[in-house]
Amino acid sequence: STHVLDTSTGTPAVGLFVDLYKKRDESWTLWHSTTTSGDGRVQFPFSQDSMAAGTYKLKFNVEDYFKKNDKATLYPFVEIVFKVSEGAHYHIPLLLSPYGYTTYRGS
């Protein structure tokens, strides 16, 4: 799961497009596309069992989000690549502003 907080407003980033990819061999396969909800969250329709161990990528379409809110941004998109181990839960939050971002492994 993931959620996005717009730190420039102190509110959830609502309506931000997010793509989830899985790495296969040397290329990325798109698994799911969605947008953040009213509380800035995305619950992907996958269980721990269906997300096998491997390397995944979240792509956040930041420029579209900020344009919609009449703001300029340095980043057209943010990609977070992470590894999944068998049986573990992953929550990857994104703290976002027009000119910076940070992420961490949440609970």
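So, how was this worked out
- Residues numbered from 1 in each chain as written.
- Predicted model: local features only at pLDDT ≥ 70, side-chain atom pairs only at ≥ 80, totals over all residues.
- Heavy atoms only, no water.
- UniProt positions renumbered as here; feature names shortened; annotations may be inferred.
- Helix = DSSP H or I, 4+ residues; strand = E, 2+ residues; numbered from the N terminus.
- Contact = heavy atoms within 4.5 Å.
- Buried < 20%, exposed > 50% of the residue type's maximum accessible area, 1.4 Å probe, protein only.
- Phe/Tyr/Trp six-rings, centres within 6.5 Å; stacked < 30°, edge-to-face > 60°.

In the annotation of an unreviewed UniProt entry, the protein chain is listed under the name 5-hydroxyisourate hydrolase and assigned to Papilio xuthus. The record in UniProt for the protein chain states the following under Catalytic activity (unreviewed entry): "5-hydroxyisourate + H2O = 5-hydroxy-2-oxo-4-ureido-2,5-dihydro-1H-imidazole-5-carboxylate + H(+)". A UniProt comment under Subunit (unreviewed entry) is attached to the protein chain, and it reads "Homotetramer."

A. Quick look at the UniProt feature "binding site: substrate" (unreviewed entry) in the protein chain. UniProt records the feature "binding site: substrate" (unreviewed entry) at His-3, Arg-41 and Tyr-104, using the numbering of this structure. Topologically, Arg-41 is positioned in strand 5 (residues 41–42). If we skip the residues at most four places from it in the chain, Arg-41 touches Thr-2, His-3, Thr-35, Thr-36 and His-91. With respect to the secondary-structure elements, Tyr-104 resides in the segment after strand 9 (100–103). The class of Tyr-104 is partly exposed, set by a relative accessible area of 42%. Discounting residues that sit within four places of it in the chain, Tyr-104 has contacts with His-3, His-91, Ile-92, Pro-93 and Leu-95.

B. View of the packing of aromatic side chains. This structure, assessed with the given rule, holds four aromatic pairs. On the numbers, 6.1 Å between centres and 25 degrees between planes, the contact of Tyr-56 with Phe-82 is stacked. Taken together, the positions of Tyr-56 in strand 6 (residues 54–60) and Phe-82 in strand 7 (residues 78–84) put the pair 26 residues apart, joining distant regions of the chain. Note on accessibility: Tyr-56 and Phe-82 belong to one class, buried. Measuring from ring centre to ring centre gives 5.1 Å for Tyr-75 and Tyr-101, while their planes differ by 85 degrees; the resulting arrangement is edge-to-face. Note that Tyr-75 is positioned in the loop between helix 1 (62–68) and strand 7 and Tyr-101 in strand 9, a separation of 26 residues in sequence.

C. Region of interest: the side chain of Ser-97. Here Ser-97 lies in strand 8 (residues 94–97). Non-local contacts of Ser-97, meaning those with residues more than four positions away in its chain, are made with Thr-7, Ser-8 and Phe-66.

D. Structural view of the environment of Glu-26. Structurally, the position occupied by Glu-26 is in the loop between strand 3 (17–24) and strand 4 (27–35). Remark: the alpha-carbon pair of Glu-26 and Val-4, spanning 22 residues in sequence, is separated by 28 Å.

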